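Structure assessment
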Amino acid sequence: MEIAYSLRPGDVLVRNKSFLGVIDHYGLYVGNGQVIDNHPERGVSIIGLSSFLNGRKLEQIKRFEGNSYKRNQVINKAYSMIGMNYHLTQFNCEHFVTEAWGAGRQSRQVSAAGLLIFSILAIWGLNKSN
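Reading the values: rules and limits
- Sequence order as written defines residue numbering, which begins from 1 separately in each chain.
- Side-chain atom pairs in this predicted model are given and counted only at pLDDT of 80 or more, local residue features only at pLDDT of at least 70, and totals for whole chains, interfaces and linings cover all residues.
- The basis for the side-chain values is all heavy atoms of the structure; hydrogens and waters are excluded.
- Salt bridge, as used here, is a side-chain nitrogen of Lys or Arg placed within 4 Å of a carboxyl oxygen of Asp or Glu.
- Only protein chains enter the accessibility calculation, which uses a 1.4 Å probe; a residue is then buried when its area is under 20% of its type maximum, exposed when over 50%, and partly exposed in between.
- Segments assigned H or I by DSSP are reported as helices when at least four residues long, segments assigned E as strands when at least two residues long, and all are numbered from the N terminus.
- In this analysis, the expected span of each helix is defined as 1.5 Å times one less than the number of residues it contains.
- Arc definition: directions from the helix axis to the C-beta atoms.
- Whether two residues touch is decided by their heavy atoms; if any such pair falls within 4.5 Å, the residues are in contact.
- A 3.5 Å cut-off defines polar contacts: any pair of N or O atoms within that distance qualifies, except that in protein one atom must be a possible hydrogen donor and the other a possible acceptor, and neighbouring residues in sequence count only when both atoms are side-chain atoms.
- To obtain an axis, a line is fitted to C-alpha atoms, over the contacting stretch when the element is a helix, and the angle between two such axes runs from 0 to 180 degrees between their N-to-C directions.
- An angle below 35 degrees is treated as roughly parallel, one above 145 as roughly antiparallel, one from 65 to 115 as roughly perpendicular, and anything else as oblique.
- Put simply, Ala, Val, Leu, Ile, Met, Phe, Trp, Tyr, Cys and Pro go in the nonpolar bin, Asp, Glu, Lys and Arg in the charged bin, and everything else, Gly too, in the polar bin.

Proximity of charged atoms lets side chains of opposite charge pair with each other. A full pass over the atoms with the stated rule returns four salt bridges. Among the ionic pairs, D37 bridges to R42, the shortest N-O distance being 3.0 Å. Residue class for D37 comes out buried when judged on its relative accessible area of 1%. Put simply, K77, E99 and R105 are held in one network by salt bridges that share partners.

Turning our eyes to something else, we now look at helix 3 (residues 68-80). Here helix 3 contains 13 residues, and its C-alpha end-to-end distance of 18 Å stays within 8% of the 18 Å for a straight helix at 1.5 Å per residue. Of all the residues in helix 3, the buried ones are R71, V74, I75 and A78. Viewed end-on, helix 3 has its buried residues packed into an arc of 95°, placing them on one side of the element. Those residues of helix 3 that are exposed and angled more than 90 degrees off the buried face are Y69, N76 and S80. Residues of helix 3 that are buried sit in contact with strand 2 (24-31), strand 3 (34-39), strand 4 (43-48) and helix 4 (93-100). Its side-chain oxygen 3.1 Å from the backbone nitrogen of Y69, N67 forms the N-cap of helix 3.

A separate point is the packing of helix 3 against helix 4. Packing of helix 3 against helix 4 brings their axes to within 8 Å, and their N-to-C directions diverge by 135°. Classed by the angle they form, the pair helix 3 and helix 4 counts as oblique. Facing helix 3, whose interface residues are V74, K77 and A78, helix 4 presents F96, E99 and A100. Here the residues of the contact of helix 3 with helix 4 sort into four nonpolar, no polar and two charged.

The following block contains the structure:
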């Protein structure tokens, strides 16, 4: 499976997580068919690629663009986070991979959900005042 995707250590893997296709699951490929991910039930851990995919299609590969030294830094950072606990809004799978890449804890999905909730509340508040 690894050869079919031409994966390299440090690449971020994205697969669909939800039935409706609105939530993605992120993992960091570390080589030899292994992925480190952050999962609600086990936190940050290393699993096989097929376990990461969990019968789903790999939706996207975000290629790591750095040199081999930076690639090794990313892998070492990911390994250093093994055992950390999952938190939906503060340290989810997307937060994990962005932090491993050195971009800080960021989650586009959490930001989008927050914006959606804020918009709904704003619209509800405007309608309530009318």
